[in-house]
Amino acid sequence: MFSSQKSSEKHTTLFLIMMRLNLKYVLSSLILMVTCVTLMLWHRCDFVRTFPKRFYANQYQEESVEIDCVINQEYSIACRREGDEVYLPFSFIKKYFEVYGSLNTIDGTTHFDWSHSYGKVNLPRSIYDSKGIFMYFENYNVEVRDRVKCISASAGVPISIQWESQGYFYATQIAQFGLSHYSKNLTEPEPTRKIIEDADLNQYAWITPRNSSISRNYSTDITGVVNFATSNHIDSAIYSEMDHVVDLIMSIDLYFQQNSSMMITMQNRENQQLYVLHYILADLSITVQDENNIYYGLGTNALGKWKHITRDLFVDVQKGIALMYINRKQKMRRNEFKVVKIAFIGNGSFDNLTLSTSEHIQHFYDAAEWFVRNQNQSTGGFAIPVRRRLASGFEDLNRGWLSAMAQGHAISLLSRAFYHSGGNRKYLKAAVNALKPFKLPSSQGGVLAKFMNILPFYEEYPSSPSSFVLNGFIYSLLGLYDLHQIAPKTKGGKEAGILFDQGMESLKKMIPFYDTGSGTVYDLRHVTLGTSPNIARWDYHVTHVNQLLLLATIDDDPIFSQTADRWRGYMMGKRAMHN
């Protein structure tokens, strides 16, 4: 029995050993199988190529080496080689190819944004309407441009320093100012307004020093006015303290006697710096004194007369600070400033003192009135009062030259003023009179040239020889179109339509001359002077595209849409095919 029991235990032990061996074999087989499958997948999917570089840093460092790149056998720059790839610094590529790029981080991930151009195409929202928005000018902020010295307090329009530093009235800039505000009025919300004082329902608490006085009187034609009388000393000024933010557009009716002025104190909320805007009876554009006094001239002809002014107080401060620190750019934001005090000194009256978020239509009519007042009735022109040197090979344009672009812009603005005012014929009369230079050759003081002595062309710069600037020509055509659309049954409207049709026929035939295969040219000096082409910067190129896209909404000739699409492609790096 003992022997039988011992034999049984021996068999059991053997069975357990065999089971352990079988399990080890099965487990080893499974491990081997998983390893093989993993290696197969690893090789097929090529995971190693996307594996982080830190896991094969040594190999990466061996493959990446610095080398010299020889540029056109003229000079060399430091580059980097990785295998068969060669990497050039973007700082070189940017300058060499005139492309643009920047590193940007979004949600913790850094990437590089590459752009072939910096222009932005504005696709038309609908068919162009001569009574509506002018092109995409609702995006324009003419008054803040560096080449605008200030907004004249006497005329309410920009004073340009584009070609002369002392400043002058430039019709093209004034029209763009007016058209931008007309367009903003159609696209922005209704402004909020705070009536500070109207001598009637809204009466403010004015602080009146000793020996100064303030009173309100009423009449049948004016609901009420505020009269003030002080000495010439600043301590005698009547004033009111306030704390107005955002509402930085001030409008007021003024009646000033000798030595009267209005002072508005603005404060920078960030650094508490105070700036005092002085509106005085003087024939000056803008001047500054010390580090916080900025003076604007209302004009001596405003003495003893009612005058309505609309001022963007932020822009007035901004232009003053720019004049104080000519060699240092000051970054300012509108929401940094507030109105803290309004004061009057001298003898005079005022009414309808209002602070608002915008007054676009008033700015628009300031521009329209400037054109009515400053048009040469004989020539119909809006003269440019500075000498203009276009380029070597062209004769200089003497003071008083006319521009088809300025004339066209003015017509677009005056036509809209005629429409918006409900038919005030002084605006229509000025618009029609502005057609005269379109019929007079450039050599005789007009703006009409003939391309190849055949095709009529309206010149932005009526140079000798002709320059044929494209964007100015198209802007002039839009002016003619606007007048024809707004007053089609009038003699002037019909005449504008004929001039427009003639110009459009020329444009359709001349468009190919402006195409370089990778961009556009600004003008045709390479044709008229036989020089190298004047390549259009991307901001001018995108203007060409935007203009053609607009024309495509009013003329179904495919040349406009097809050319615009091709020129848009150039902005993305596309080029015409080579042979």
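Here the structure is shown first, and the text comes after it.
Note that the coordinates shown come from a computational prediction; the quantities given were computed from them, not determined experimentally.

What counts and what doesn't
- Residues numbered from 1 in each chain as written.
- Predicted model: local features only at pLDDT ≥ 70, side-chain atom pairs only at ≥ 80, totals over all residues.
- Heavy atoms only, no water.
- Helix = DSSP H or I, 4+ residues; strand = E, 2+ residues; numbered from the N terminus.
- Buried < 20%, exposed > 50% of the residue type's maximum accessible area, 1.4 Å probe, protein only.
- Contact = heavy atoms within 4.5 Å.
- Areas by Shrake-Rupley, 256 points an atom, 1.4 Å probe, with all protein chains shown as cover.
- Pairing = 2+ DSSP bridges.
- Axes fitted to C-alpha atoms, helices over the stretch in contact; angles between N-to-C directions.
- Expected span 1.5 Å × (residues − 1).
- Core = buried A, V, L, I, M, F, W, Y, C linked by side-chain atoms within 4.5 Å.
- Salt bridge = Lys/Arg side-chain N within 4 Å of Asp/Glu carboxyl O.
- Phe/Tyr/Trp six-rings, centres within 6.5 Å; stacked < 30°, edge-to-face > 60°.
- Lys NZ or Arg CZ within 6 Å of the ring centre and 35° of its normal.
- Left-handed = near helix turned anticlockwise from the far one by under 90°.
- Nonpolar A, V, L, I, M, F, W, Y, C, P; charged D, E, K, R; others polar.

S.K.: Let's hear about the overall build of the protein chain: which residues, and what values?
M.R.: The secondary structure content of the protein chain amounts to 13 helices and 21 strands. Burial status across the protein chain gives 46% buried among its 579 residues. In the protein chain, once contacts between residues fewer than 6 apart in sequence are set aside, the share between residues at least 24 apart is 63%. Carbon and sulfur atoms provide 52% of the accessible area of the protein chain, an area that totals close to 31,100 Å².

S.K.: How would you explain unusual backbone geometry if you had to name every residue and give the values?
M.R.: In this structure, Pro-465 follows Ser-464 across a cis peptide bond, with omega equal to -5°. Mapped onto the secondary structure, Pro-465 falls in the loop between strand 21 (455-458) and helix 9 (470-486). Here Asn-211, not a glycine, exhibits a phi torsion of approximately 70°, which is positive. Its identity is not glycine, yet Asn-352 carries a phi of approximately 55°, on the positive side. Position of Asn-352 among the secondary structure elements: in strand 19 (residues 347-356). On the basis of relative accessible area, Asn-352 is assigned to the partly exposed category, the value being 32%.

S.K.: Which residues make up the sheet that holds strand 14 (residues 274-280), and what are the values?
M.R.: With respect to topology, 6 strands assemble into an open sheet ordered 11-18-13-14-16-15, the strand pairing being mixed. Because the sheet does not close on itself, it has two edges, and the strands there are strand 11 (238-245) and strand 15 (286-289). Strand-to-strand twist across the sheet, computed as the mean angle between neighbouring axes with direction ignored, equals 20°. Relative to strand 16 (residues 293-297), strand 15 is paired through 4 bridges, and the arrangement is antiparallel. Bridged to Val-288 within strand 16 is Ile-294. Each of strand 13 (261-268), strand 14, strand 15, strand 16 and strand 18 (337-345) touches helix 5 (residues 313-324); the most contacted strand, strand 16, lies at about 115° to it.

S.K.: Break down helix 4 (residues 171-187) for me, with residues and values.
M.R.: For an α-helix, 3.6 residues make a turn, and residues three or four places apart therefore share a direction. Here helix 4 spans 24 Å end to end across 17 residues, near enough to the 24 Å set by a 1.5 Å rise per residue. A large share of helix 4 lies buried, amounting to 14 of its 17 residues.

S.K.: Report on the nonpolar core, specifying residues and quantitative values.
M.R.: Ranked by internal contacts, the top residues of the largest apolar core, which has 139 residues, are Met-262, Ile-264, Phe-344, Phe-371 and Leu-507. Residue contributions to this core peak at 10 residues, all from helix 9. In this structure, Ile-264 is in contact with Met-250, Tyr-275, Val-276, Leu-277, Tyr-279, Leu-313, Val-339, Lys-341 and Ile-342, ignoring residues within four places of it in sequence. One finds Cys-69, Ile-71, Cys-79 and Ile-93 within the second-largest nonpolar core, a separate group that totals 7 residues.

S.K.: Outline the pattern of salt bridges, supporting the account with residue identities and numerical values.
M.R.: One pass over the structure, following the stated rule, counts 21 salt bridges. Of the charged contacts, one joins Glu-369 and Lys-426 as a salt bridge, the two residues approaching to 2.7 Å between their closest N and O atoms. In this pair, Glu-369 sits in helix 6 (residues 360-374) while Lys-426 sits in helix 8 (residues 425-433), placing the two residues 57 residues apart along the sequence. Lys-426 sits in the partly exposed class, given a relative accessible area of 34%. In this structure, Arg-525 engages Asp-523 in a salt bridge whose closest nitrogen and oxygen atoms are separated by 2.9 Å. Just as Arg-525 is buried, Asp-523 falls in that class too. Counted as one network, the salt bridges with shared partners bring together Glu-505, Lys-508, Lys-509, Asp-555 and Asp-557.

S.K.: Please give an account of the pairing of strand 14 that cites residues and values.
M.R.: The two faces of a sheet get side chains in turn, since along a regular strand they alternate between them. The buried count for strand 14 comes to 6 of 7 residues, which makes it a mostly enclosed element. Bridging between strand 13 and strand 14 involves 7 bridges; their strand directions are antiparallel. Bridge pairing in strand 14 places Met-263 opposite His-278. Joining the antiparallel neighbours strand 13 and strand 14 is a turn of 5 residues, in which Gln-272 adopts a positive phi near 65°. Bridge count for strand 14 against strand 16 is 5 bridges, and the pairing is parallel. Bridge pairing links His-278 to Tyr-295 in strand 16.

S.K.: Give me the packing of aromatic side chains: which residues, what numbers.
M.R.: One pass over the full model with this rule turns up 42 aromatic pairs. An angle of 65° between the planes, with centres 6.1 Å apart, marks the rings of Tyr-136 and Phe-137 as edge-to-face. Pair check on accessibility: Tyr-136 and Phe-137 agree, each one buried. Sitting over the ring of Tyr-296, Arg-311 keeps its end group 5.2 Å from the ring centre. Over the face of the ring belonging to Tyr-239 we find Lys-341, whose NZ or CZ atom lies 4.4 Å from the ring centre.

S.K.: Talk me through the packing of helix 4 against helix 7 (residues 404-420); I want residue IDs and the actual numbers.
M.R.: Two elements in contact, helix 4 and helix 7, have axes separated by 8 Å at closest approach and are oriented at 35°. Here helix 4 and helix 7 pass one another in a crossing that is left-handed. Here Ala-171, Thr-172, Ala-175, Gln-176, Gly-178, Leu-179 and Tyr-182 of helix 4 lie close against helix 7, whose contacting residues are Met-405, Ala-406, His-409, Ala-410, Ser-412, Leu-413, Arg-416, Tyr-419 and His-420. Here the residues of the contact of helix 4 with helix 7 are counted per class, giving 9 nonpolar, 6 polar and 1 charged.

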